[in-house]
Number of protein chains: 2
Amino acid sequence: MAEAAAIDAPARRGRGTRRDAAAKPPGVPYIVRGIPTYDVLSEENLAKIERAADRILAEVGIEFRDDPAALDHWKRAGATVEGVLVRFEPGMLREIVSTAPSTFTQHARNPANNVEIGGSAVVFSPAYGSPFVMDLDRGRRYGTLEDFRNFVRLAQASPWLHHSGGTICEPVDVPVNKRHLDMVYSHIRYSDRPFMGSITAEERAEDSIDMARILFGADVVDRNCVILGNVNVNSPLVWDGTMTRSLRAYARANQAAVIVPFILGGAMGPVTNAGAIAQSYAETLAGCALTQLERKGAPVIFGNFLSSMSLRSGSPTFGTPEPAIGSMVVGQLARRLGLPLRCAGNFSNSKLPDGQAMQEGLMSMLSAVHCGANFILHSAGFLDGLLSMSYEKFVMDADLCGALHSYLAGVTVDDNTLAMDAFLEVGPGSHFLGSAHTMRNYQSAFWDSTLSDNEPFEKWSGEGGATDMAARANRQWKKTLAEYEVPPLDIAIDEALCDYMNRKKAAMADAWY
Amino acid sequence: MAEAAAIDAPARRGRGTRRDAAAKPPGVPYIVRGIPTYDVLSEENLAKIERAADRILAEVGIEFRDDPAALDHWKRAGATVEGVLVRFEPGMLREIVSTAPSTFTQHARNPANNVEIGGSAVVFSPAYGSPFVMDLDRGRRYGTLEDFRNFVRLAQASPWLHHSGGTICEPVDVPVNKRHLDMVYSHIRYSDRPFMGSITAEERAEDSIDMARILFGADVVDRNCVILGNVNVNSPLVWDGTMTRSLRAYARANQAAVIVPFILGGAMGPVTNAGAIAQSYAETLAGCALTQLERKGAPVIFGNFLSSMSLRSGSPTFGTPEPAIGSMVVGQLARRLGLPLRCAGNFSNSKLPDGQAMQEGLMSMLSAVHCGANFILHSAGFLDGLLSMSYEKFVMDADLCGALHSYLAGVTVDDNTLAMDAFLEVGPGSHFLGSAHTMRNYQSAFWDSTLSDNEPFEKWSGEGGATDMAARANRQWKKTLAEYEVPPLDIAIDEALCDYMNRKKAAMADAWY
């Protein structure tokens, strides 16, 4: 039953990223970065932010609501607990998280799709959590289970995404208390890549992990990460019991929680970047530490989601410059902790797959890539301030993820790439089109988008139909869905999963909120 | 007549960029970067690229065609000259360019608009050289002098551009041999920012500089940079006489030439990035050195324009990942030389101001910003592989340039931005909207685009008209042109310029090629 090889020991902690490394190693189904991270802040200023976070943790504290077991953990660890307010001595949480692995493997049901999370690895995962879906034909409407499956299929079909994601859109046609079963089953059934489970209630987290146990075998799950759960802080400085119970369920099962504050500067945090970063550091660090108190050595991902606000209208804004540059600082702080990082993604507030969508998306996505994020949630499909999952933007973003494979490969410097033989062959004033060096290298030389138009104007406006990128994306997602092939799944496992799901559903009345 | 203060001494050479600096200083009409450059390559690999360039220069050489004075310079400097082929001992050109300033001031007719070029300064200048213009109403057509003036007006009206540019589009309705006069006059008349002159013939370069002398006074021009000329290498490894004569005309007048190879990988250079970078380094270095042989100490800008090719169709591609990451290496090499850098810009091959345009544009523009480019030509308007200047993309790009002001300010870390008073005031579970810290900081906290839609979906689809960014840009450029006010110009100078232009035009028959 267990297809995944068991690799039990967490990797040794290491800092920094490789410089001038080779491109993505052949056969590795994720990116190994060939360029360093972009470190924008001095060590002195990083230390100031850490000290500010220490003061927040010691002087203001964090509330842990509706989870007595979490409070018991904190008491045993030596924190100051007064009611639900917990305060921490400086350095205490950094000491606790030192038992978490700096990198780990998330196993997929197809072991060829196992991903590393941490170090120099970069994993692209679809957007997460939209209640609506949209496309150019039908506009915006509530997501359904069929939409959910479609996005799982589109992700599975893309060579440039590495992960099936989680709540890729809300399947609003399924009862709230049952849809997690359909979502986890759909990830397993329609994809053979790694995936995420539910966190909206402790029992739904447990159900998600139980389904992973059916797929991989209970022993394998106890020794390896096979499912992620993305848990959110209720910023500022509040952890709700629903989240900490789910967080502890994942940690208890040796599965990785992703710990993510969502700070909209000016509302759930200060309007100034340094303060918002200090706050998110404190909130995330507390969540990461709680996983280690639940089970020492459990994998955990240091997460972050900075955003900004239009102070004219009060609306949240996405893909803006301040969160992008702030993400670089978050990356530096995560590396000082030696924890895998989730940060930023392909964010936009646009309601259409237009210029705004791709400009905001890339501003944000490049910050994820530059800051050293290892697990990049929201890599594809995000529109409308995360309220909508867009079919067109999904394939446009996936194409961009392809370009980022070439980008992250960096510049290789060796005798072949320096091309001295070509200069000696071609000389001044000639061209390189037919040179031996070109013939030897052209097939792998340049990223070639399947959605960008690179034709002469006359061809674009004539037989090309004068399309924009969104219209080409509209054609592409339909073609991809039409050609999609479901990856084979062992029938016994499939039946066991369906049986589990049906028993669970039968045992509960539908709940719609 | 001379409005510009005379600052004669070139700045001392310096390397590297500031870290954690404050944002754009008040009143400085360009950006002083508050984040470091993004250095992706190791010193060892940079040295390998330099050694490859040295071998190209020594073993293959560069042809200098149709310019005997340039060959004489090279002979006197000790290069090996055989016919038009010139070869250089390793290190010789680096020694020659060491007399060029690492940073200099380009003066504007309004001294409040003087820009620094070099060091930590970043100057945004419009796109350059398109024969066509386009907008959403009229589509693509040849550019006219009125289009040229419109783009000068749009640039002048934007608070986020710092420079009026040069051949902002080709005014195809004016004879080829006379249009440089109208272009230089239009920059002076409709803008009070720094600008560029002609390079398409030595006498047109001289005319451009003469018009600058009328504006600033001959003495001021001899002692200060007041005009730039952008000269191109005929890659691979050929400098045409038209270009070197113009280059020398600018240097002779103590004005800055921008030295730019345009290398389309696979055609005018190798398909591999390292080789294309080594070639462009050799070509640019030779051009920079020639300026110093013409006039020691003349300002010069180390330029670069990497591009890639669709190897399926043979078409050039723009805004792709390989040139973007290669630009970071070019920046590192320019800083080792201590020369001001022009690199990358807001490139795209799209025929519309759509998702492709903004994705490709930002990929390329962020590489310019990250690589430490000091003078960023093509910051606004570039579409259609530089064949078309787009009215809509111009204002979309200018808005993006505004966002990049906030981005380049970086993350300020001090007591105010760390916001400890806000955390102590707000505490867990409340919000920051009305806190004293928010009230104190909100006005300057976040970049607020004038073109991005940040409204709720219902408002966007209702009273907002469900527009995309291009439609909003279409409205904006018309409004900006309608509200444009011409900056005052001394009547005597205006008359002297018109008199010069009319005499020059009367002395030549029209030439249309």
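On a predicted model such as this, the values are computed, not experimentally measured, just so you know. (Residues numbered from 1 in each chain as written. Chains lettered and ligands numbered in written order. Predicted model: local features only at pLDDT ≥ 70, side-chain atom pairs only at ≥ 80, totals over all residues. Heavy atoms only, no water.)

K.L.:
I'd like a rundown of the overall build of chain A, residues and numbers included.
P.N.:
Each helix and strand counted, chain A has 18 helices and 19 strands in total. For 513 residues, the compact-globule formula gives about 24 Å, and the C-alpha radius of gyration of chain A, at 23 Å, lands near that figure. Here chain A holds 513 residues, and 67% of them are scored as buried. For chain A, the proportion of contacts with a sequence separation of at least 24, taken over those separated by at least 6, is 75%. Each charge class in chain A can be summarised by its mean position, and for the 48 positive and 59 negative side chains these summaries are 4 Å apart. (Helix = DSSP H or I, 4+ residues; strand = E, 2+ residues; numbered from the N terminus. Rg over C-alpha atoms; globule rule 2.2 N^0.38 Å. Buried < 20%, exposed > 50% of the residue type's maximum accessible area, 1.4 Å probe, protein only. Contact = heavy atoms within 4.5 Å. Lys, Arg positive; Asp, Glu negative; His and termini not counted. Charge placed at Lys NZ, Arg CZ, Asp CG, Glu CD.)

K.L.:
Can you tell me about the environment of B:Asn110, naming the residues and giving the values?
P.N.:
Residue and element names in this part refer to chain B. The topology assignment puts asparagine 110 in the loop between strand 5 (103-106) and strand 6 (115-118). Accessibility expressed as a relative area gives 26% for asparagine 110, which makes it partly exposed. Distance from asparagine 110 to proline 488, taken between C-alpha atoms, is 9.8 Å for residues 378 residues apart in sequence.

K.L.:
Tell me about the sheet that holds strand 1 (residues 31-32) of chain A, and name the residues and values.
P.N.:
Residues and elements named next belong to chain A. Reading across from one edge, 1-7-17 is the order of the 3 strands in this open sheet, with mixed pairing throughout. Two strands lie at the open edges of the sheet, namely strand 1 and strand 17 (375-376), each paired on one side alone. As paired strands, strand 1 and strand 7 (residues 121-124) are joined by 2 bridges and run antiparallel to one another. By the bridge assignment for strand 7, isoleucine 31 is matched with valine 122. In this fold helix 12 (residues 391-409) packs onto strand 1 and strand 7, with an angle of close to 170 degrees to the strand it touches most, strand 7. (Pairing = 2+ DSSP bridges. Axes fitted to C-alpha atoms, helices over the stretch in contact; angles between N-to-C directions.)

K.L.:
Run through the relation of the copies chain B and chain A, naming residues and quoting values.
P.N.:
When chain B is fitted to chain A, the residual RMSD is 0.0 Å, and the transformation amounts to a turn of 180 degrees plus an axial shift of 0.0 Å. Here the copies are linked by what is in effect a two-fold axis. Within chain B, B:Gly355 has its C-alpha nearest the rotation axis, a separation of 2.0 Å. Most of the interface of chain B is mirrored in chain A: 100% of its interface residues are interface residues there too. (Least-squares fit on C-alpha atoms with pLDDT ≥ 70 in both.)

K.L.:
Report on helix 2 (residues 68-77) of chain A, specifying residues and quantitative values.
P.N.:
All names here are of chain A. Residues of helix 2 that are buried: Ala70, Leu71, His73 and Trp74. The arc enclosing the buried residues of helix 2, seen along the axis, measures out at 155 degrees, which places them on a common side. Residues of helix 2 that are exposed and angled more than 90 degrees away from the buried face: Pro68 and Arg76. Summarising the contacts, the buried residues of helix 2 are in contact with strand 2 (62-64), strand 3 (80-82), strand 4 (85-87), helix 3 (92-97), helix 8 (241-252) and helix 9 (273-294). Within two residues after helix 2, glycine 78 carries a phi angle of roughly 100 degrees, on the positive side. (Arc of directions from axis to C-beta.)

K.L.:
Tell me what's going on with the packing of helix 5 (residues 179-190) of chain A against helix 6 (residues 202-216) of chain A, and back it up with residues and numbers.
P.N.:
Residue and element names in this part refer to chain A. Direction vectors running N to C along helix 5 and helix 6 enclose 30 degrees, while the axes themselves pass 10 Å from each other. In terms of orientation, helix 5 lies roughly parallel with respect to helix 6. With respect to the hand of their crossing, helix 5 and helix 6 are arranged in right-handed fashion. Within the contact between the two elements, helix 5 uses His180, Leu181, Val184, Tyr185 and Ile188 and helix 6 uses Arg204, Asp207, Ser208, Met211 and Leu215. (Parallel < 35°, antiparallel > 145°, perpendicular 65-115°, else oblique. Left-handed = near helix turned anticlockwise from the far one by under 90°.)

K.L.:
Please provide a residue-by-residue account of the sheet that holds strand 8 (residues 132-135) of chain A, values included.
P.N.:
Spatially, 9-8-19-18 (chain A) is the arrangement adopted by the 4 strands of the open sheet, whose pairing is mixed. Because the sheet does not close on itself, it has two edges, and the strands there are strand 9 (139-142) and strand 18 (382-383) of chain A.

K.L.:
Can you lay out the interface of chain B and chain A for me, pointing to particular residues and giving the numbers?
P.N.:
Reports often express the size of an interface as the amount of accessible area lost when the parts come together. With 118 residues of chain B at the contact, the number on the chain A side is 118 residues. Here chain B packs against chain A, burying approximately 9,700 Å² in sum over the two surfaces, 67% of which is carbon and sulfur. For chain B, the biggest contributors to the area lost against chain A are B:Tyr38, B:Gln359 and B:Phe446; these three give 8% of the whole. Between the two partners, chain B and chain A, sit 4 salt bridges. Put simply, B:Arg140 and A:Glu458 hold a salt bridge, and the shortest N to O gap is 3.0 Å. In this assembly, chain B and chain A are joined by 34 residue pairs in polar contact (both at pLDDT 80 or more). Residue contributions to the side of chain B that touches chain A peak at 9 residues, all from helix 11 (residues 355-371) of chain B. Classifying every residue of the side of chain B that touches chain A gives 58 nonpolar, 38 polar and 22 charged. (Buried area = accessible area lost by both parts, 1.4 Å probe. Salt bridge = Lys/Arg side-chain N within 4 Å of Asp/Glu carboxyl O. Polar contact = N/O pair within 3.5 Å; in protein donor to acceptor, adjacent residues only side chain to side chain. Nonpolar A, V, L, I, M, F, W, Y, C, P; charged D, E, K, R; others polar.)

K.L.:
Summarise the environment of B:Leu341; cite the residues concerned and give the values.
P.N.:
Residue and element names in this part refer to chain B. In this structure, leucine 341 sits in strand 16 (residues 341-343). Using a relative accessible area of 2% as the deciding quantity, one classes leucine 341 as buried. Separated by 16 residues in sequence, leucine 341 and isoleucine 325 have C-alpha atoms that sit 16 Å apart.

K.L.:
Any details on helix 15 (residues 436-445) of chain B? Residues and values, ideally.
P.N.:
Within helix 15 of chain B, burial applies to B:His437, B:Thr438, B:Asn441 and B:Ala445. Along the long axis of helix 15 of chain B, the arc covered by the buried residues comes to 100 degrees, so they all point the same way. The elements touched by buried residues of helix 15 of chain B are helix 10 (321-337) of chain A together with helix 13 (415-418) and helix 14 (420-426) of chain B.

K.L.:
Got a sec to walk through the packing of helix 1 (residues 43-60) of chain B against helix 10 (residues 321-337) of chain B? Specific residues and values, please.
P.N.:
The axes of two packed helices give the description: the angle between them and the distance between them. Residues and elements named next belong to chain B. Orientation of helix 1 relative to helix 10, taken along the N-to-C sense of each, is 80 degrees, at an axis distance of 11 Å. Between helix 1 and helix 10, the interaxial angle falls into the category roughly perpendicular. Facing helix 1, whose interface residues are Glu43, Leu46, Ala47, Ile49 and Glu50, helix 10 presents Val329, Gln332, Leu333 and Arg336. Classifying every residue of the contact of helix 1 with helix 10 gives 5 nonpolar, 1 polar and 3 charged.

K.L.:
Requested: an account of the state of the cysteines, with residues and values cited.
P.N.:
Disulfide: a covalent bond connecting the sulfur atoms of a pair of cysteines. In the structure shown here, the tally under the stated rule is 0 disulfides over all chains. Of all cysteine sulfurs in the structure, the one in A:Cys169 sits closest to A:Cys498, which takes part in no disulfide; the separation is 20 Å. Unpaired in terms of disulfides, B:Cys169 finds its nearest cysteine sulfur in B:Cys401, a separation of 18 Å. B:Cys169 sits in the buried class, given a relative accessible area of 0%. (Disulfide = S-S within 2.5 Å.)

K.L.:
Residue-level account of the confidence of the model for chain A, with values.
P.N.:
All names here are of chain A. Confidence in the prediction of chain A, expressed as mean pLDDT, is 94, and 95% of residues score 70 or more. Considering only residues more than four positions removed or in separate chains, one finds that residues 1-25, a stretch of pLDDT under 50, has 72 contacts. Our summary of model confidence lists the complex with pTM equal to 0.95 and ipTM equal to 0.94. (pLDDT = per-residue confidence, 0-100.)

K.L.:
Before we move on, can you summarise the packing of aromatic side chains with the specific residues and values?
P.N.:
A full pass over the atoms with the stated rule returns 33 aromatic pairs over all chains. On the basis of an interplanar angle of 85 degrees and a centroid distance of 6.2 Å, the ring pair of B:Phe305 and B:Phe318 is categorised as edge-to-face. Separated by 13 residues along the polypeptide, B:Phe305 in strand 14 (residues 300-309) and B:Phe318 in the loop between strand 15 (316-317) and helix 10 bring together distant segments of the chain. Note on B:Phe423 and B:Phe432: the rings are 5.8 Å apart at their centroids and 80 degrees apart in plane angle, and the pair reads as edge-to-face. Of the residues examined, B:Phe432 reaches a relative accessible area of 1% and is grouped as buried. Residue placement shows A:Arg153 over the ring face of A:Tyr190; its charged tip is 4.7 Å from the ring centre. (Phe/Tyr/Trp six-rings, centres within 6.5 Å; stacked < 30°, edge-to-face > 60°. Lys NZ or Arg CZ within 6 Å of the ring centre and 35° of its normal.)

K.L.:
Lay out the pattern of salt bridges with the relevant residues and their values.
P.N.:
Taken as a whole and assessed by the stated rule, the structure comprises 68 salt bridges over all chains. Linking A:Arg336 and A:Glu43 is a salt bridge whose minimum nitrogen-to-oxygen distance equals 2.5 Å. With a gap of 293 residues between them, A:Arg336 in helix 10 and A:Glu43 in helix 1 (residues 43-60) connect regions that are remote in the sequence. Using a relative accessible area of 24% as the deciding quantity, one classes A:Arg336 as partly exposed. We classify A:Glu43 as exposed; its relative accessible area is 54%. We note a salt bridge from B:Asp510 to B:Lys178, for which the minimum N-O separation is 2.7 Å. On the criterion of sequence distance, the pair formed by B:Asp510 in the segment after helix 18 (491-506) and B:Lys178 in the loop between helix 4 (145-157) and helix 5 (179-190) is long-range, its members being 332 residues apart. Each member of the salt-bridge network shares a partner with another, and the members are A:Asp67, A:Glu202, A:Glu206, A:Arg245, A:Arg248, A:Arg252 and A:Glu294.

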